[in-house]
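# Secondary and tertiary structure notes
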Amino acid sequence: MKYVIANLKMNLLSPRERDQYLVSLAKELKKKKINNFEIILCPPFVHLEAFAKNRKKNIKIGAQDVFSENKGSYTGEISPSMLKNFGCEYVILGHSERRRYFSENNEDINLKILAALKENLIPILCLGETKAEKENETTLQVIENQIKECLTDVPRSKIEKIIFVYEPVWAVGSDLNPTVHEIMEAKVLIKKILVEMFGQNNIKNVRILYGGSVNSKNAKEVCLDPDLDGVLVGRESLLPHEFIKIVETISNS
Ligand code: PGA
């Protein structure tokens, strides 16, 4: 099974725009015969309910963030229970845009992961190095720290629930991609650290994806490694035709 996650970010500005998107996505999907895939659509909070109501076969719904407390006086925040009750099954956590614009750190992300797991939401954890970290050749160290700090206190029994995405920060929104070798190297590293932390038996089914400037032209190349479980798509997920082409490419690879 391959996973294709759509991070719609802060787009689809009105109910009308949202409905048009959902209709055209359904149309594009109907045109194709694709097997063995799961699409996870992650719209802004205000659209979650409508997306969940309109979801088609093989489509699941995710949020782009969640707060680490479940209820109470936290103005402006959205809790794991709320997401669950509005039809969400997944939540993206640790995205580099949240680190950059909202100063989220590994400790914040860890609390969110624990809160999400408690409510049976599946965290989609983004990991990856900045351009400066890559240039300083500290990529492996950075990813190792992110994993160790973000996964503190995660029970062994829950680790396989989490979806990991290798998303080099410099590849997000930039039209740059790492080489297939670099993606494989990151995947191997993620697995190695998970084995050290949680034991081989507990991580056998862990899913690792790639994200960062994926489009219908580079999807095949990016997913050359048959063990890669899929991709996370930003900008191109706003174009239903292109997005479904990516799903088709990935599922057939
Ligand atoms: P992009 O975004 O595909 O536009 O680079 C990826 C992401 O936000 O994860």
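All figures in this text were calculated on a predicted structure; none of them were measured in a lab.

## Here we look at the overall build of the protein
Regarding its fold elements, the protein presents ten helices and eight strands. Radius of gyration (C-alpha) of the protein: 17 Å, near the 18 Å computed for a compact globule of 253 residues. Each of the three principal axes of the protein carries a C-alpha extent, and together these read 45 × 45 × 35 Å. Going through the 253 residues of the protein one by one, you find that 51% of them count as buried. Considering only intrachain contacts with a sequence separation of at least 6, the fraction spanning at least 24 residues in the protein is 72%. As presented, the protein carries roughly 12400 Å² of accessible surface, and 50% of it is formed by carbon and sulfur atoms. Taken as two groups, the 36 positive and 34 negative side-chain charges of the protein have centres that lie 8 Å from each other.

## With respect to the layout of surface pockets
Think of a ball as big as a water molecule: rolled over the atoms, this probe shows where empty space is left. Space inside the largest pocket adds up to approximately 420 Å³. In this structure, the largest pocket is lined by 19 residues; those nearest its centre are K9, M10, Q64, R98 and F102. Per-element tally for the lining of the largest pocket: the top contributor is helix 4 (residues 96-102), with four residues. Among the residues forming the lining of the largest pocket, the class breakdown is ten nonpolar, five polar and four charged.

## Concerning the side chain of Q146
For Q146, the position within the fold is in helix 7 (residues 139-150). Beyond its immediate sequence surroundings of up to four residues, Q146 is in contact with R99, N106, L127 and G128.

## As for the pattern of salt bridges
Two side chains that carry opposite charge are able to pair once their charged atoms sit near each other. Going through the model one piece at a time under the given rule, you end up with 16 salt bridges. In this structure, K32 and E248 form a salt bridge, with 3.2 Å as the shortest nitrogen-oxygen distance. Of this pair, K32 sits in the loop between helix 1 (15-31) and strand 2 (37-42) while E248 sits in helix 10 (residues 240-252), placing them 216 residues apart in sequence. Taking relative accessible area as the criterion, E248 reaches 24% and is therefore assigned partly exposed. Shared partners join several salt bridges into a network, and the residues in it are D65, R98, E104 and K112.

## Here's the deal with the side chain of S79
Relative to the helices and strands, S79 is located in the loop between strand 3 (59-63) and helix 3 (80-85). With residues near it in sequence (within four places) discarded, S79 still touches V66, E69 and N70.

## Description of unusual backbone geometry
Across the chain, the bulk of peptide bonds are trans and the bulk of non-glycine residues have phi less than zero. One non-glycine residue with positive phi stands out, namely N58, at about 70 degrees. In this structure, N58 sits in the loop between helix 2 (48-53) and strand 3. Although it is not a glycine, D175 adopts a positive phi angle of roughly 70 degrees. Positionally, D175 belongs in the loop between strand 6 (163-166) and helix 8 (180-198).

The rules we used
Residues numbered from 1 in each chain as written. Predicted model: local features only at pLDDT ≥ 70, side-chain atom pairs only at ≥ 80, totals over all residues. Heavy atoms only, no water. Helix = DSSP H or I, 4+ residues; strand = E, 2+ residues; numbered from the N terminus. Rg over C-alpha atoms; globule rule 2.2 N^0.38 Å. Buried < 20%, exposed > 50% of the residue type's maximum accessible area, 1.4 Å probe, protein only. Contact = heavy atoms within 4.5 Å. Areas by Shrake-Rupley, 256 points an atom, 1.4 Å probe, with all protein chains shown as cover. Lys, Arg positive; Asp, Glu negative; His and termini not counted. Charge placed at Lys NZ, Arg CZ, Asp CG, Glu CD. 1 Å grid on protein atoms, 1.4 Å probe; cavity = no way out; pocket = protein on both sides within 12 Å on 5 of 7 lines; lining within 4 Å. Points joined across faces, edges and corners; volume = space filled by probe spheres on them. Nonpolar A, V, L, I, M, F, W, Y, C, P; charged D, E, K, R; others polar. Salt bridge = Lys/Arg side-chain N within 4 Å of Asp/Glu carboxyl O.

Purely geometric stuff here, so don't read any function into it on its own.
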